Amino acid sequence: MIETGYTADEMMTVAASRALTSDDVCFVGIGAPSAACNIARLTHAPDITLIYESGTIGTAPDVLPLSIGDGELCDTALSTVSTPEMFRYWLQGGRITIGFLGAAQLDRFGNINTTVIGDYRKPATRLPGGGGAPEIASSSRQVYITMKQSTRGMVEKVDFITSFGHGEGGDHRQRLGVTTKGPALLITDLAIWKPHPDTKEFTVVSMHPGVTQADVQASCGWTVRFADTITTTPAPTELELTTFRDLKARTKAAHAGTKRTGEAV
Amino acid sequence: MIETGYTADEMMTVAASRALTSDDVCFVGIGAPSAACNIARLTHAPDITLIYESGTIGTAPDVLPLSIGDGELCDTALSTVSTPEMFRYWLQGGRITIGFLGAAQLDRFGNINTTVIGDYRKPATRLPGGGGAPEIASSSRQVYITMKQSTRGMVEKVDFITSFGHGEGGDHRQRLGVTTKGPALLITDLAIWKPHPDTKEFTVVSMHPGVTQADVQASCGWTVRFADTITTTPAPTELELTTFRDLKARTKAAHAGTKRTGEAV
Amino acid sequence: MAAFRPLGEAVRANLNNGDVVAFEGFTHLIPHAAAHEAIRQRFTDLTLVRMTPDIIYDQMIGMGMARKLIFSYAGNPGVGLLRRFRDSVENGWPHSVELEEHSHAAMANAYEAGAAGLPCAIFRGYLGAELAKVNKNIKGITCPFTGEELAAVPALRPDVTFIHAQKADRKGNVLIEGITGIQKEAVLAAKRAVVTVEEKVGELDTHPNACVLPHWTLDAVCVVPGGAHPSYASGYYARDNAAYLDWDRIAADRDGFLAWMKTNVLGSSPKAFAGRVADLRGKA
Amino acid sequence: MAAFRPLGEAVRANLNNGDVVAFEGFTHLIPHAAAHEAIRQRFTDLTLVRMTPDIIYDQMIGMGMARKLIFSYAGNPGVGLLRRFRDSVENGWPHSVELEEHSHAAMANAYEAGAAGLPCAIFRGYLGAELAKVNKNIKGITCPFTGEELAAVPALRPDVTFIHAQKADRKGNVLIEGITGIQKEAVLAAKRAVVTVEEKVGELDTHPNACVLPHWTLDAVCVVPGGAHPSYASGYYARDNAAYLDWDRIAADRDGFLAWMKTNVLGSSPKAFAGRVADLRGKA
C-alpha cells in the first residue's frame, strides 16, 4: 500500500465513523462497529458516548477491545453498571440513539442472522447467537449496520431472523408495534446504503472511490437497488487514516504485550 | 427510678431483643424495633444482620438512627443498595428472616393499620401510610411486632388493613397464597404474645414481672386469650439495661450535637 | 444535555403548572432548595410524586400547589405526622388533594419500570392489604408459566424529576453516594431532570460501580451548596434534626405556617442554603 | 452462611449430577478454576446456564457433562466460534445438547427475576425475532394498563451458581468490582452459591455502593489466586489473550481436545492457576 492509499476495510470503517456525532449515545458491537465508533470519538465526535453491553457507559479506550468486556473499557468509562441495568435502563429505557451492529447474514430489509446457517434444529453451521442484538435492533432509536460485502453474507433471505430489521419491508415494524426507526444505514466495504423511504429496501446512495455498480452487485446476493443519484464517498482523510492506523498499532502493541503462559487456557 | 429498676419501655425493648439471634437477617422498622435489634447486636447476637429499608445492609450504628435513612446507617453498613434492589432482591427475594414492625393499630390476628383512623376517604386522623410494611409483612419469613399496649392501639378490628397479618385467623394467609409465616411474636410493654397454632389469635404466653392478667386486659381492646401456662418474663439483666441506656445516652449526645441553625428547616 | 444553570432558571425552564413532578430523596439528599424555588415560582395543579413525602411536600400542599399526591409514606422523618398534609386530607385546607397511595415496594418497582421504559411493573405485593381496594392503579397479572397471581402497577413517568446530589464534573455528570434511594430511577424515568449539587469538580474520581448519572440524562445541573438542608449530604454536612422538630411546631398552625413560608421561602433564595449548613459541616 | 473451604470440597458439597448450574461471568472474572474442578469431579447430566458460554462450557460440553444449555451468546470472546459446542450441535459429538436459547436482555431479566424471587420476568423484547418461535419459554403477557403486549420468560433459579470475585473479608463477604455483569443476580437467584476469590482480606475497604455479596448469601468461599485465568481479574491480572487464540486451535480437533483436557484439567489442580497468571500481574 502506498502512503496515500487505503484498504477497503479502512474505507468502510472510516465511512461508518462519519455517520456518528458528538450527540450520539451509541451501543457498540465488537469489531468494525467498535473501530468506527472510536475513530469518530478521536476525530470529529469527541463527545460521543460509547456504551458496550458489558455495562461500560461513556468509555474511551486507548486501544480497541478484543471483547466487549475488556478491562480497558471499564477503566476508561464514566460508570460501569450491571447487565440487567444495562439492558433495562439504558437500552430498553430508550437512551440509545444508535445501535451499531455487524452481521453474519443480512437481507435487503436489514434483517440480521447471527444464529445458524441452515435449519435451526439441524444447522450446517452453528453461529454464536443473538447476544444483545435482538433488543439492540428493536430498542435503539435507529440501527447502523456495517459488514464486508459477500454473496454468502448478503442474501436474498436470511436463514434465521436473529434481529428484526424492516421484516418484509414497508410498515412491517409498525405493524408489529415496534416504535423505533430500525436499520437506517448500511456501510459496507464498497458502498453506503440507506433504506428506501417507502419499501425500506436498502438502496445504494454512495459508492466508495473506484467502486462500480457491477462491483457492488457482484458481491451481493440480492438484486441491488441503486438510488437515482449516487455520490462518491469521500476518500479517508489523512487524519482519519492516521487515527485508525495509530489505534490499530496501539491495539496490536497492547495485546502483544499480554505474554503467553503456554500451560493452560 | 432506683438503680436496679427499669421502665416498662425498657422491659419491652429488652424482651424484644431476646427474640433475635446471630443468624437472623432482620428488616428493621424505626423506633422500638430499631432499639431492640441494636441491643441484640450489642449483647447476645453480635452477628445479626440488620437491614433498614433505606438500602443499608449489615449496618451497625453506634447510636440509634432518628430515621431509617440516617447517615450513620450507611457509614457503618457492609453495603448500601438502591431502593428497588432493596425491595426486589432482599425483601421479595426471601432473604429476610424477620420483619420487625411497629403498629398504630393492631388486632388480635396481627393485622396492622398505619394508614388512617376512621374511614379511608374521610379519615379522623390521616396516618403516614404503609411505607415498606405491606410487603415486609408478606415477604419476611416471619414477622415480629412490638408496641405499647393501649385500648386505642390494640383494637377489635383495625380501621384499615395496611399490613396483612393472619387476616381473619386460621389458614387465611395460605388461602390468599401467602407462603410466609406471618406474625409470630408480639412484644408489648406488659407481655409476650404468640399466635395460637390453629386460630392464629395472639395469646399471652409470658407476662413481664409484676404485671397481672387484669393489667393486660385493661389496656387491650379485645378480649385477651391467655395461654394455659404463662411464664414470667425474666427482668432485664444488668448487661441488657446498661447496653440500652448507654445506647440511648450516646444517641442523645449525638443528636444534641446537631446544632440548631434556627433560620429555616 | 446538561447545562449548568442558576436554579431559578432551571426550575422555570423545566416545570409547568399541571405537571407530574417528583422531588425525590430518601431521608438523605432531599432537594429542599429546588422545592423552595418551585414554591417561590408559585406553580399550581401539580401531581406530586414521592415515596416519602416529608417537609417539602407538606409545604407545597400547604401552599395549595398540589392537585394530587402519589406516595407510599407521608411523614416527618423521626418526628411524626405531616400537619399540612393532614389538614388537607382531614379538613380540606387549603383544598383537598387526590391521593394515589401505594406501598414502598410498589413505588420502587414503578419508578424502576419507568426508568426501564416499561408501561408497568410486576411484583409480589399487596397480599391481603387494603390499599389494593382503594387504589384502582393496583391490578393483578398472572404469570404465564406458573399461574401465580402477581400485583401490577403502572410505571411512574414524571414530566420532571428534581433531585439533589453530591457533585457534578465539568461536563455535568453527577455522582450520588451513600443512601442513593430511588433517585437514579426517578431521574431516568422522567421526561426531564434537574439536579442540584453541592459542588462542581474537575473529575468525579470515584469507584467504577458508583451511582453516576451521565450528563446527557439531565436537563440542568445547578450548584446549590447546602441545597439539601435540613436533610443531609453525606460527606458534606449532617442532618439538622432540630429543624425537623421545629417543623412539627411551625406546621401545627395555618397562620404560623404561612408566616414562616413568607419569611423563609418566599422571601429567600437558593443562596441562603449555604449559610444554613455552615454549622453542620464536618459532621456528615 | 459462607465458610472458607478448599475448592474441591466446595464443588463436591454443592454440585450434583443433574443440577441446573450457572458458572457466570461476562468476559471479566470467568470462574475457570471452579469449572475445571467440576470437570475433574466428572459431573454429568448438567443443565448449564450462562449468558455468554465460552471456553469453560465448550470444555464441559466436549467432556459430555451437559444435558442442556440455557444461553444467549456462545462464542470464544474476541476469537470466534466455539468448536466443541459446534461439534455437539452440528454432529452430536459426544452427544447432542438440548438448547434453550434467549437474547441477552431475556437472560439478564430472567436472572434478575430469579434474584427478586419472582416466577417470571417481563420486558420489551423479541419483537420480530425468530427465537420466540423456537423457544417455548418465551411467551407474551399483556400490560393491564396500556394493553401493550410484552415478552415474558421464566425466572432463572439455578440449583447452584459459581462465580469468581476479587476478594472476601474474614467473614466471607465478597467484593466484585469493575465489570460486574450478571454475577450478583446469578448468585442471589440460585439455591446455593460458591465463590472463588483472588484473596482473603481483613476488610473489604470499598465504596459504600460497591457490589458486595454478604456472607450469608453464599454457601462457600474458596481462595483460588488466578482462578479466573485466562480471563482477567480487574486489579489483579490481565486477560491472557493468547490462551483464547490457542483454544481455537486446541478445540478444533476431538483427540487434541481430549489430550489437552487430560493434561491441563484432569491432571491439574486449583493450585495451578496462580502460576498461570504470574506473568499477567501488574497488567490488569
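All values reported here derive from a predicted model rather than from experimental measurement.

A few words now on the overall build of chain C. A tally of helices and strands in chain C yields 10 helices and 13 strands. Taken over the C-alpha trace, chain C has a radius of gyration of 19 Å; the compact-globule value for 284 residues is 19 Å, and the two agree within 12%. Projected onto its principal axes, the C-alpha positions of chain C cover 55 × 50 × 35 Å. Counting the 284 residues in chain C, one finds 69% classified as buried. Considering only contacts in chain C between residues 6 or more positions apart, those separated by 24 or more positions represent 76%. When the accessible surface of chain C is summed, it comes to about 8,400 Å², and 48% of that surface belongs to carbon and sulfur atoms. Each charge sign in chain C was given a centre, from 30 positive and 31 negative side chains, and these centres are 3 Å apart.

The next thing to look at is the overall build of chain A. Counting its regular elements, chain A contains eight helices and 14 strands. Here the C-alpha atoms of chain A give a radius of gyration of 18 Å, agreeing with the 18 Å that 2.2 N^0.38 yields for 265 residues. Counting only C-alpha atoms and orienting by the principal axes, one finds that chain A spans roughly 50 × 45 × 40 Å. Looking at chain A as a whole, 62% of its 265 residues qualify as buried.

With that out of the way, let us pick up the nonpolar core. If you look at the biggest cluster of nonpolar residues, it comprises 279 residues, and the most contacted ones within it are Trp193 of chain A, Trp193 of chain B, Phe23 and Val174 of chain C together with Val174 of chain D. Beyond its immediate stretch of four places on either side in the chain, Phe23 of chain C contacts Pro31, Ala34, Ala35, Ala38, Val49, Arg50, Ile56, Tyr57, Met60 and Phe162 of chain C. Leu7, Leu48, Ala66 and Phe162 of chain D belong to the second largest nonpolar core, which has 45 residues in total.

For the rest of this paragraph, the subject is the sheet that holds strand S6 (residues 120-123) of chain D. All names here are of chain D. What the three strands build is an open sheet, ordered S6-S8-S7; its pairing is antiparallel. With partners counted over all chains shown, the strands left at the sheet margins are S6 and strand S7 (139-142), one partner each. Looking at each pair of strands side by side, their axes are set apart by 40 degrees on average, direction ignored. Lying over the sheet, helix H5 (residues 104-115) contacts S6 and strand S8 (149-154), oriented at roughly 135 degrees with respect to S6.

Another aspect to go through is the interface of chain B and chain D. The interface is formed by 18 residues belonging to chain B together with 22 residues belonging to chain D. Between chain B and chain D lies a buried interface of about 1,600 Å² when both sides are counted; carbon and sulfur atoms form 54% of it. Counting the surface chain B buries against chain D, the share from its top three residues, Leu78, Tyr89 and Arg95 of chain B, is 40%. Taken together, the links from chain B to chain D amount to three salt bridges. In this structure, the salt-bridge partner of Lys171 of chain D is Asp47 of chain B, at a minimum N-O distance of 3.8 Å. Every element with two or more residues in the side of chain B that touches chain D is listed here: strand S2 (49-52), strand S4 (79-80) and helix H4 (83-92) of chain B. Ranked by residues supplied to the side of chain B that touches chain D, first place goes to H4 of chain B with five residues.

The next thing to look at is the packing of helix H1 (residues 8-18) of chain B against helix H2 (residues 32-42) of chain B. Two measures define how a pair of helices packs: the angle their axes make with one another and the distance between the axes. Residues and elements named next belong to chain B. Here H1 crosses H2 at 55 degrees, and the two axes come no closer than 8 Å. When the axis of H1 is compared with that of H2, the two are oblique. As for how H1 packs across H2, the hand of that crossing is right-handed. The residues of H2 that touch H1, namely those facing Met12, Thr13, Ala16 and Ser17, are Ala32, Ala35, Ala36, Ile39 and Ala40. In terms of residue class, the contact of H1 with H2 is built from seven nonpolar, two polar and no charged.

Further remarks concern the pattern of salt bridges. The full count for this structure, using the stated rule, is 56 salt bridges over all chains. Taking the shortest distance from any N to any O, the salt bridge between Glu201 of chain A and Arg108 of chain A comes out at 3.5 Å. Taken together, the residues span a long stretch of sequence, with Glu201 of chain A in the loop between strand S12 (191-195) and strand S13 (202-207) and Arg108 of chain A in the loop between strand S6 (105-106) and strand S7 (112-113) at a distance of 93 residues. Each member of the pair Glu201 of chain A and Arg108 of chain A is classed as buried. Note that Arg86 of chain D is salt-bridged to Glu90 of chain D, the shortest N-O span being 2.6 Å. Taken together, the positions of Arg86 of chain D and Glu90 of chain D, both in helix H4 (residues 83-91) and four residues apart, correspond to about one turn of that helix.

In a disulfide, the sulfur atoms of two cysteines are held together by a covalent bond. Throughout the structure, instances matching the rule amount to zero disulfides over all chains. Free cysteine: Cys211 of chain C, not disulfide-bonded; nearest cysteine sulfur from Cys74 of chain B at 12 Å.

What follows covers the environment of Gly202 of chain C. Residues and elements named next belong to chain C. Among the secondary structure elements, Gly202 is positioned in the loop between strand S11 (192-200) and strand S12 (211-213). Here Gly202 falls in the partly exposed class, since its relative accessible area comes to 32%. Separated by 84 residues in sequence, Gly202 and Leu118 place their C-alpha atoms 35 Å apart. With residues near it in sequence (within four places) discarded, Gly202 still touches Asp169 and Arg170.

Each side of the interface is counted separately: chain D has 64 residues, and chain A has 52 residues. Between chain D and chain A lies a buried interface of about 4,700 Å² when both sides are counted; carbon and sulfur atoms form 57% of it. Contact with chain A buries area across many residues of chain D, yet Leu127, Glu130 and Ile179 of chain D alone supply 12% of it, more than any other trio. The partner of Glu101 of chain D in a salt bridge is Arg126 of chain A, and the shortest N-O contact between them spans 2.6 Å. Taken together, the links from chain D to chain A amount to 17 residue pairs in polar contact (both at pLDDT 80 or more). With six residues, helix H8 (residues 241-250) of chain D is the single largest residue contributor to the side of chain D that touches chain A.

Another aspect to go through is unusual backbone geometry. The peptide bond linking His229 of chain C to Pro230 of chain C adopts the cis configuration, its omega dihedral lying at 10 degrees. Within the fold, Pro230 of chain C resides in the loop between strand S13 (220-223) and helix H8 (241-250). For Arg42 of chain D, which is not a glycine, the phi torsion comes out positive at approximately 60 degrees. Topologically, Arg42 of chain D is positioned in the loop between helix H2 (32-40) and strand S3 (46-50).

With that settled, the discussion passes to the pairing of S13 of chain C. Residues and elements named next belong to chain C. Pairing of strand S1 (residues 3-4) with S13 involves two bridges; the strand directions are parallel. Following the sheet pairing, Ala3 is matched in S13 by Ala220. Sheet analysis places S11 next to S13, joined by four bridges and oriented parallel. Of the residues in S13, the one forming a bridge with Val197 is Val223.

Residue and element names in this part refer to chain B. The 10 strands are arranged S4-S3-S2-S1-S5-S10-S11-S12-S13-S14 in an open sheet whose pairing can be described as mixed. Lying at the two open borders of the sheet, with one neighbouring strand each, are S4 and strand S14 (225-232). Direction of pairing for strand S12 (residues 191-195) relative to strand S13 (residues 202-207): antiparallel, over a ladder of five bridges. Bridging from a neighbouring strand, Ile192 pairs with Ser206 of S13.

Moving on: H8 of chain C. Burial analysis of H8 of chain C places seven of its 10 residues in the buried class, the great majority of the element. Within H8 of chain C, burial applies to Asn241, Ala242, Ala243, Tyr244, Asp246, Trp247 and Ile250 of chain C.

Moving on, we come to the confidence of the model for chain A. Across chain A, pLDDT averages 93, with 95% of residues at or above 70. Counted against residues more than four places away or in other chains, residues 259-265 of chain A, with its pLDDT under 50, gives 31 contacts.

The next thing to look at is the packing of aromatic side chains. Tallying each qualifying case throughout the model produces 22 aromatic pairs over all chains. Plain terms: the ring middles of Phe100 of chain A and Tyr144 of chain A are 5.8 Å apart, the flat faces sit at 85 degrees to each other, and that makes the pair edge-to-face. A residue pair is termed long-range when its members are at least 10 positions apart, and Phe100 of chain A in strand S5 (residues 98-101) and Tyr144 of chain A in strand S10 (residues 142-147) qualify at 44 residues. We classify Phe100 of chain A as buried; its relative accessible area is 0%. With centroids separated by 5.6 Å and ring planes inclined at 70 degrees, the aromatic side chains of Trp90 of chain B and Trp216 of chain D adopt a geometry described as edge-to-face. Taken together, the residues Trp90 of chain B in helix H4 and Trp216 of chain D in the loop between strand S12 (211-213) and strand S13 (220-223) connect one chain to another.

Parameters and conventions
Residues numbered from 1 in each chain as written. Chains lettered and ligands numbered in written order. Predicted model: local features only at pLDDT ≥ 70, side-chain atom pairs only at ≥ 80, totals over all residues. Heavy atoms only, no water. Helix = DSSP H or I, 4+ residues; strand = E, 2+ residues; numbered from the N terminus. Rg over C-alpha atoms; globule rule 2.2 N^0.38 Å. Buried < 20%, exposed > 50% of the residue type's maximum accessible area, 1.4 Å probe, protein only. Contact = heavy atoms within 4.5 Å. Areas by Shrake-Rupley, 256 points an atom, 1.4 Å probe, with all protein chains shown as cover. Lys, Arg positive; Asp, Glu negative; His and termini not counted. Charge placed at Lys NZ, Arg CZ, Asp CG, Glu CD. Core = buried A, V, L, I, M, F, W, Y, C linked by side-chain atoms within 4.5 Å. Pairing = 2+ DSSP bridges. Axes fitted to C-alpha atoms, helices over the stretch in contact; angles between N-to-C directions. Buried area = accessible area lost by both parts, 1.4 Å probe. Salt bridge = Lys/Arg side-chain N within 4 Å of Asp/Glu carboxyl O. Parallel < 35°, antiparallel > 145°, perpendicular 65-115°, else oblique. Left-handed = near helix turned anticlockwise from the far one by under 90°. Nonpolar A, V, L, I, M, F, W, Y, C, P; charged D, E, K, R; others polar. Disulfide = S-S within 2.5 Å. Polar contact = N/O pair within 3.5 Å; in protein donor to acceptor, adjacent residues only side chain to side chain. pLDDT = per-residue confidence, 0-100. Phe/Tyr/Trp six-rings, centres within 6.5 Å; stacked < 30°, edge-to-face > 60°.

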